[in-house]
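# Structural overview for review
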Amino acid sequence: QVQLQESGGGSVQAGGSLRLSCEVSGGAYSNYCIAWFRQAPQKEREGVAATYTGGRSTFYTDSVKGRFTISLDKPKNTLYLQMDSVKPEDSAKYYCAAKIQPCTAVGVREENFGVWGQGTQVTVSS
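These numbers were taken from a predicted model, which means no experiment stands behind them.

## Brief notes about the overall build of the protein chain
The helix and strand inventory of the protein chain stands at zero helices and eleven strands. At 13 Å, the protein chain has a C-alpha radius of gyration in line with the 14 Å of a compact globule built from 126 residues. Along the first, second and third principal axes, the C-alpha set of the protein chain runs to 40 × 30 × 25 Å. For the protein chain, the proportion of its 126 residues judged to be buried stands at 44%. Nonlocal contacts in the protein chain, meaning residues at least 24 apart in sequence, comprise 60% of its contacts between residues at least 6 apart. Of the accessible surface of the protein chain, which amounts to about 6600 Å², a share of 44% is contributed by carbon and sulfur atoms. Considering the protein chain, the positive charge centre built from 13 side chains and the negative charge centre built from 11 side chains are found 3 Å apart.

## So, the nonpolar core
Proteins that are soluble and globular tend to have nonpolar side chains buried together. Residues W36, L81 and Y94 are the most contacted members of the largest nonpolar core, which totals 28 residues. Every element with two or more residues in this core is listed here: strand 3 (18-25), strand 4 (32-39), strand 5 (46-52), strand 7 (68-73), strand 8 (78-83), strand 9 (92-100) and strand 11 (120-125).

## Points about the environment of Q39
Assignment of secondary structure puts Q39 in strand 4. On the basis of relative accessibility, which here comes to 26%, the residue Q39 falls in the partly exposed class. Residues Q39 and K93, 54 residues apart in the sequence, show an inter-C-alpha distance of 5.3 Å. Leave out the neighbours within four places in its chain, and Q39 touches E44, R45, A92, K93 and Y95. Within polar-contact distance, the side chain of Q39 engages the backbone oxygen of K43 at 3.0 Å. A distance of 3.1 Å separates the side chain of Q39 from the side chain of R45, its partner in a polar contact.

## Concerning the sheet that holds strand 3
Taken in spatial order, the four strands line up as 1-3-8-7 in an open sheet, and their pairing is antiparallel. The open sheet has two edge strands with one neighbour each: strand 1 (3-7) and strand 7. Strand-to-strand twist across the sheet, computed as the mean angle between neighbouring axes with direction ignored, equals 15°. Pairing geometry for strand 1 and strand 3, over five bridges, is antiparallel. Counted as the bridge partner of E6 is C22 from strand 3.

## So, the pattern of salt bridges
Inspection of every chain in the model, using the stated rule, returns six salt bridges. Across the pair D90 and R38 runs a salt bridge, and its minimum N-O distance is 2.9 Å. Here D90 is found in the loop between strand 8 and strand 9, whereas its partner R38 is found in strand 4, with 52 residues between them in sequence. Here D90 and R38 have matching classes, each one buried. The residue E110 makes a salt bridge to R45 at a minimum N-O spacing of 3.9 Å. Of this pair, E110 sits in the loop between strand 9 and strand 10 (115-116) while R45 sits in the loop between strand 4 and strand 5; the two residues are 65 residues apart in sequence, bridging distant segments of the chain. A relative accessible area of 17% means that R45 is categorised as buried. Through salt bridges that share partners, R38, E46, R67 and D90 make up one connected network.

About the criteria used
- Residues numbered from 1 in each chain as written.
- Predicted model: local features only at pLDDT ≥ 70, side-chain atom pairs only at ≥ 80, totals over all residues.
- Heavy atoms only, no water.
- Helix = DSSP H or I, 4+ residues; strand = E, 2+ residues; numbered from the N terminus.
- Rg over C-alpha atoms; globule rule 2.2 N^0.38 Å.
- Buried < 20%, exposed > 50% of the residue type's maximum accessible area, 1.4 Å probe, protein only.
- Contact = heavy atoms within 4.5 Å.
- Areas by Shrake-Rupley, 256 points an atom, 1.4 Å probe, with all protein chains shown as cover.
- Lys, Arg positive; Asp, Glu negative; His and termini not counted.
- Charge placed at Lys NZ, Arg CZ, Asp CG, Glu CD.
- Core = buried A, V, L, I, M, F, W, Y, C linked by side-chain atoms within 4.5 Å.
- Polar contact = N/O pair within 3.5 Å; in protein donor to acceptor, adjacent residues only side chain to side chain.
- Pairing = 2+ DSSP bridges.
- Axes fitted to C-alpha atoms, helices over the stretch in contact; angles between N-to-C directions.
- Salt bridge = Lys/Arg side-chain N within 4 Å of Asp/Glu carboxyl O.

As structure tokens, this is what we get:
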């Protein structure tokens, strides 16, 4: 069974950068869609970015395009979310999640993912 563990959250000023990590363990994941979600207090959990482990496809929500980059380092079994030019509205608890293929932009929805990490908090101040 695949397990996920996030790290790297913290406080950062607007315009700064932060890199989140998600360690993947517990089993094979060669045909998984692994994604980053975020959820602010009293708001719905939303998909941020996703990548397919069986290829190099990536997907991003419009609000983070050009600022965030998702990547997977398979030798290290670690998924990353590089967050650049962060904004106060990026403040949220960030989760990594996984599902069996397929991996599509419209499919990055909370209800489609069954494996989750515990989350890591990101706070952006102005």
